[in-house]
Every structure is written in structure tokens, then in C-alpha cells.
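# Geometric and topological summary
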Amino acid sequence: MSFDEQGKSSGEWDSNFYRGKLKRGLEQVRAGLGIIKTMEELEAMEKDESQGVTDQL
């Protein structure tokens, strides 16, 4: 286990960092700022993107 200059383990910092990211994400979803797509929409997006690559060739 490694320690930073303040004596905290890097694992503790990582844990707090990612916990903060998850908290912000959850707050955004609760505020209605999340992006929701169905599997069909994602597959259609993938199809559109692959078609664009074919058109460029």
C-alpha cells in the first residue's frame, strides 16, 4: 500500500474520489439530467454510425 504526502493511503483517496463521482452522478439522475436510452435506440445509433463509415468509403 502506498501513502501520499499527507499520510493517507492512495486506496483511501481512490475510494473517496470514486464515491464522490458516484454521488454527483446520482444527484444528476435525481435532478432529471440523466441520459436514458433503450437497447433499441443504442442499436440504431450503432447502425447509423456504421452506415456513416460505409458511406465515407
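First, a word on scope: everything that follows refers to the structure included in this document. (Residues numbered from 1 in each chain as written. Predicted model: local features only at pLDDT ≥ 70, side-chain atom pairs only at ≥ 80, totals over all residues. Heavy atoms only, no water.)

### A closer look at the overall build of the chain
Counting its regular elements, the chain contains two helices and zero strands. Residues counted as buried form 2% of the 57 residues belonging to the chain. Accessible area of the chain: about 5600 Å², with a carbon and sulfur share of 55%. (Helix = DSSP H or I, 4+ residues; strand = E, 2+ residues; numbered from the N terminus. Buried < 20%, exposed > 50% of the residue type's maximum accessible area, 1.4 Å probe, protein only. Areas by Shrake-Rupley, 256 points an atom, 1.4 Å probe, with all protein chains shown as cover.)

### Some thoughts on a nonpolar patch on the surface
A surface patch of nonpolar side chains, amounting to about 350 Å² of accessible area, comprises Trp 13, Phe 17 and Tyr 18. Turning to its location among the elements, Tyr 18 is positioned in helix H1 (residues 10-30). (Patch = residues over 30% accessible without salt bridge, like charges linked within 9 Å, V, L, I, M, F, W, Y side chains within 5 Å. Salt bridge = Lys/Arg side-chain N within 4 Å of Asp/Glu carboxyl O.)

### Quick word on a negative patch on the surface
A grouping of Glu 40, Glu 41, Glu 43, Glu 46, Asp 48 and Glu 49 is seen on the molecular surface, where their side chains present a negatively charged patch. Relative to the helices and strands, Asp 48 resides in helix H2 (residues 39-56). (Lys, Arg positive; Asp, Glu negative; His and termini not counted. Charge placed at Lys NZ, Arg CZ, Asp CG, Glu CD.)

### Some remarks on the packing of aromatic side chains
Taken as a whole and assessed by the stated rule, the structure comprises one aromatic pair. A centroid spacing of 5.0 Å and a plane angle of 80° characterise the contact between Phe 17 and Tyr 18, whose relative ring orientation is edge-to-face. What makes Phe 17 partly exposed here is its relative accessible area of 34%. Take Tyr 18: its relative accessible area is 48%, and that puts it in the partly exposed class. (Phe/Tyr/Trp six-rings, centres within 6.5 Å; stacked < 30°, edge-to-face > 60°.)

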